[in-house]
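If you want the building blocks of each chain, they are given just below.
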Amino acid sequence: MFLTITTTHHPATDLGYLLHKHPAKLQSFALAFGQAHVFYPEASDERCTAALLLEIDPISLVRGRGATLDQYVNDRPYVASSFLSVAIAEVFRSALAGNSKERAAVVDQPLPLRATIAALPCRGGDELLERLFVPLGYAVAAESQALDPRFPEWGESPYRVMTLTGAVRLRDLLTHLYVLIPVLDNEKHYYVGDDEVEKLLRRGEGWLAAHPERDLIARRYLKYQRSLTDEALSRLVPDESAAPDSVADQHADEEEAERRISLNEQRIGAVVAAIKGSGARRVLDLGCGEGRLLVALLKNTEATEIVGVDVAHGALARARERLRLDRLPPRQAARITLLQGALTYRDERLVGFDAAAVVEVIEHLDPPRLAAFERVLFDHARPTTVALTTPNADYNVRWPSLRAGRFRHRDHRFEWSRAEFGSWAERVAATHGYGVRFLPIGPEDPEVGPPTQMAVFTRDDA
Ligand code: SAH
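First, a word on scope: everything that follows refers to the structure included in this document. (Residues numbered from 1 in each chain as written. Predicted model: local features only at pLDDT ≥ 70, side-chain atom pairs only at ≥ 80, totals over all residues. Heavy atoms only, no water.)

### Details of a nonpolar patch on the surface
- Together, Leu147, Phe151 and Trp154 make up a nonpolar patch on the protein surface, roughly 310 Å² of accessible area in all.
- Considering the arrangement of structural elements, one finds Phe151 in the loop between strand E6 (139-146) and strand E7 (156-168).
- With a relative accessible area of 31%, Phe151 lands in the partly exposed category. (Patch = residues over 30% accessible without salt bridge, like charges linked within 9 Å, V, L, I, M, F, W, Y side chains within 5 Å. Areas by Shrake-Rupley, 256 points an atom, 1.4 Å probe, with all protein chains shown as cover. Salt bridge = Lys/Arg side-chain N within 4 Å of Asp/Glu carboxyl O. Helix = DSSP H or I, 4+ residues; strand = E, 2+ residues; numbered from the N terminus. Buried < 20%, exposed > 50% of the residue type's maximum accessible area, 1.4 Å probe, protein only.)

### Comments concerning the packing of helix H8 (residues 170-185) against helix H9 (residues 195-203)
- Contact geometry of H8 with H9 gives a least axis separation of 10 Å together with a crossing angle of 145°. Considering how the two elements wind past one another, H8 and H9 form a crossing that is left-handed. Contacts from Thr175, Tyr178 and Val179 in H8 reach Lys199, Leu200 and Arg203 in H9.
- Tallied by class, the residues present in the contact of H8 with H9 amount to three nonpolar, one polar and two charged. (Axes fitted to C-alpha atoms, helices over the stretch in contact; angles between N-to-C directions. Left-handed = near helix turned anticlockwise from the far one by under 90°. Contact = heavy atoms within 4.5 Å. Nonpolar A, V, L, I, M, F, W, Y, C, P; charged D, E, K, R; others polar.)

### Focus: the environment of Val86
- Positionally, Val86 belongs in helix H4 (residues 82-91).
- C-alpha of Val86 to C-alpha of Ala32: the two residues are 54 residues apart in sequence and 9.9 Å apart in space.

### Here we look at the packing of aromatic side chains
- Throughout the structure, instances matching the rule amount to eight aromatic pairs.
- If you follow Arg103 out to its NZ or CZ, it ends over the ring of Tyr17, 3.9 Å from the centre.
- Taking the ring centre of Tyr178 as reference, the NZ or CZ of Arg203 above it sits at 4.9 Å. (Phe/Tyr/Trp six-rings, centres within 6.5 Å; stacked < 30°, edge-to-face > 60°. Lys NZ or Arg CZ within 6 Å of the ring centre and 35° of its normal.)

### As for the sheet that holds strand E11 (residues 355-359)
- Ordered by their spatial adjacency, seven strands build an open sheet running E10-E9-E8-E11-E12-E14-E13, and the pairing between neighbours is mixed. Taken across any chain shown, the strands that pair with only one partner, and hence form the sheet edges, are strand E10 (336-340) and strand E13 (434-441). Strand-to-strand twist of the sheet, defined as the mean angle between neighbouring strand axes without regard to direction, takes the value 15°.
- Bridge count between strand E12 (residues 385-391) and strand E14 (residues 452-459): seven bridges; the pairing is antiparallel. Along E14, the bridge assignment pairs Thr385 with Thr458.
- Its contacts with the sheet put helix H14 (residues 292-300) on strand E8 (282-286), strand E9 (305-310), E10 and E11, and the angle it makes with E9 is roughly 180°. (Pairing = 2+ DSSP bridges.)

### Description of the pattern of salt bridges
- Per the counting criterion, the structure on display carries 22 salt bridges.
- For Asp366, the salt bridge is made with Arg369, and the minimal N-O distance between the two is 3.8 Å.
- One connected set of salt bridges, linked through shared partners, spans Asp108, Arg169, Arg171 and Asp172.

### Brief notes about the sheet that holds strand E5 (residues 111-120)
- Strand order in the open sheet made by the seven strands is E2-E3-E4-E1-E5-E7-E6, with antiparallel pairing throughout. Edge positions in the open sheet fall to strand E2 (27-31) and E6, since each of these has one partner strand only. On average, each strand axis in the sheet is inclined to that of its neighbour by 15°, with strand direction left out of account.
- In this sheet, E7 lies alongside E5 in antiparallel orientation, the contact comprising eight bridges. Bridging from a neighbouring strand, Ala115 pairs with Leu164 of E7.
- Taken strand by strand, H4 contacts strand E1 (2-7), E2, strand E3 (34-43), strand E4 (48-56) and E5, and its axis lies near 125° from that of E4.
- On top of the sheet, H8 reaches E1, E5 and E7; it is set at about 20° to E5, its chief contact.

### Details of the site of the ligand
- Taken together, 15 residues surround the ligand, and among them Gly287, Arg292, Asp310, Leu343 and Val359 come closest.
- A distance of 3.3 Å separates a nitrogen atom of the ligand from a polar atom in the backbone of Val311.
- Leu343 is positioned with one of its backbone polar atoms (N or O) 2.9 Å from a nitrogen atom of the ligand.
- Relative to its unbound accessible area of 560 Å², the ligand is 80% covered by the protein chains.
- Per-class residue counts for the shell around the ligand are eight nonpolar, four polar and three charged. (Near = heavy atom within 4 Å. Polar contact = N/O pair within 3.5 Å; in protein donor to acceptor, adjacent residues only side chain to side chain.)

### Comments concerning the side chain of Thr301
- Relative to the helices and strands, Thr301 is located in the loop between H14 and E9.
- Take Thr301: its relative accessible area is 9%, and that puts it in the buried class.
- Of the polar contacts made by the side chain of Thr301, one reaches the backbone nitrogen of Ala303; its length is 3.2 Å.

### A short note on the side chain of Thr452
- Counting through the fold element by element, Thr452 comes out in strand E14.
- Judged by its relative accessible area of 0%, Thr452 is buried.
- Polar side-chain contacts of Thr452 include one of 3.1 Å to the side chain of Arg267.
- Excluding residues that lie within four positions of it along the chain, Thr452 makes contacts with Leu263, Arg267, Glu360, Thr389, Thr390, Asn392, Pro440 and Ile441.

### Considering helix H18 (residues 418-432)
- Over its 15 residues, H18 runs 21 Å from end to end, which matches the ideal 21 Å to within 8%, given 1.5 Å per residue.
- Buried within H18 are the following residues: Phe421, Gly422, Trp424, Ala425, Val428, Ala429 and His432.
- Looking one or two places after H18, you find Gly433, whose phi comes out positive at around 80°. (Expected span 1.5 Å × (residues − 1).)

### What to know about the environment of Ala218
- Residue placement: Ala218 occurs in helix H10 (residues 214-221).
- For the pair Ala218 and Gly204, spaced 14 residues apart in the sequence, the C-alpha separation amounts to 9.6 Å.
- The residues contacting Ala218, other than those within four sequence positions of it, are Leu200, Thr229 and Leu233.

### With respect to the pairing of E5
- Pairing of E1 with E5 involves five bridges; the strand directions are antiparallel. In the sheet register, Ile5 faces E5, and the bridge partner there is Ala115.

As structure tokens, this is what we get:
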């Protein structure tokens, strides 16, 4: 990600004082998700340009998150997104706040400024750039580029090189970019929480309430969380309720982003609810991976014994870190055990539990191993309740980035339609003396169902 800010204010090198970054130095900053560098390609009294280069560590984006295909292979490391906003807020914190001891008089002065952002997503079309930036006093230019100049038939990249020019205060330019880059990208990198409303209102002070695209900005910034958007809008303009959706808002692309929000959280929520509902005290998490469900079980259930099992040592080590097992108070730590083991071999340690979660695991097993797993779990371990989730292949047509016939993750051996999963689960239940019911996880599409499907098995004699 690359942002440059140029001024022709005289002396132009005042930019260094305003940004609190010396034009003669290359400075680097470690951020949670990568590395930011600030340097000046040019610095004279006539013209001065500061550049912010953001390098994302793609592994840090995936670590500790779900392992769906779109989280491994995506555009996140390269395109301007909310990561750039976070970098602006951290690296140019003082400039954003309008602090400058050395150039106090210049801080509140509109300066001739030009900002260029490379690889800016522009979901909603180029005209959206104008609708967002022109009312704030900028002239906007958007340049598109061939995906690969050697293959013109591939067409143009969906990303733009955007240049804004205007006479504005530097702090305003930074604030506008901070809020509007994620709005253009329309895909936040972290879960939207209540404090996002505060951030939006704080950063939007003085300009957002009067912006003609106020509603679109609030809705996209808050990632379509209806209740948050309503709260933000009512606090911006107390006498008006949220306006109806505008045309750009109905763009199919955006709906997809909305649907993808927090599928992982929803999956964990659904499994925890099923396990809590069964009243289980002794709970297994089979194929626990990096332990996200374990953390939720520890926090949100009364379970006295929670056992995570995985075949991968690396995953168990990360689960131990995530749980902070070494630092938990002894009574909490005593509730959790991590076991290394393969789910395809009978294991006495798995016998006698009230419930087992099997979350996004079976699709990693080849058919002969799946049959072995079935015997190990339903014939030998026999927990009272089993909550088992797997992708719903019917839903794959709704991921535009997933090519037809492809799986969501390269290690998946199969992905089942609702009918295939249904007949497998019914047969397993009937064979081993269980009843089964099916629950959707994630927003249900009228034609293709939910993105994730869950079966909850209950032992007949329970
Ligand atoms: N339940 C976790 C992880 C899902 S990924 C989550 O929802 O985030 C699938 C996990 O199953 C991986 O951690 C993998 O190591 C584990 N796994 C795959 N085959 C296994 C087997 N035969 N025995 C035990 N664990 C297995």
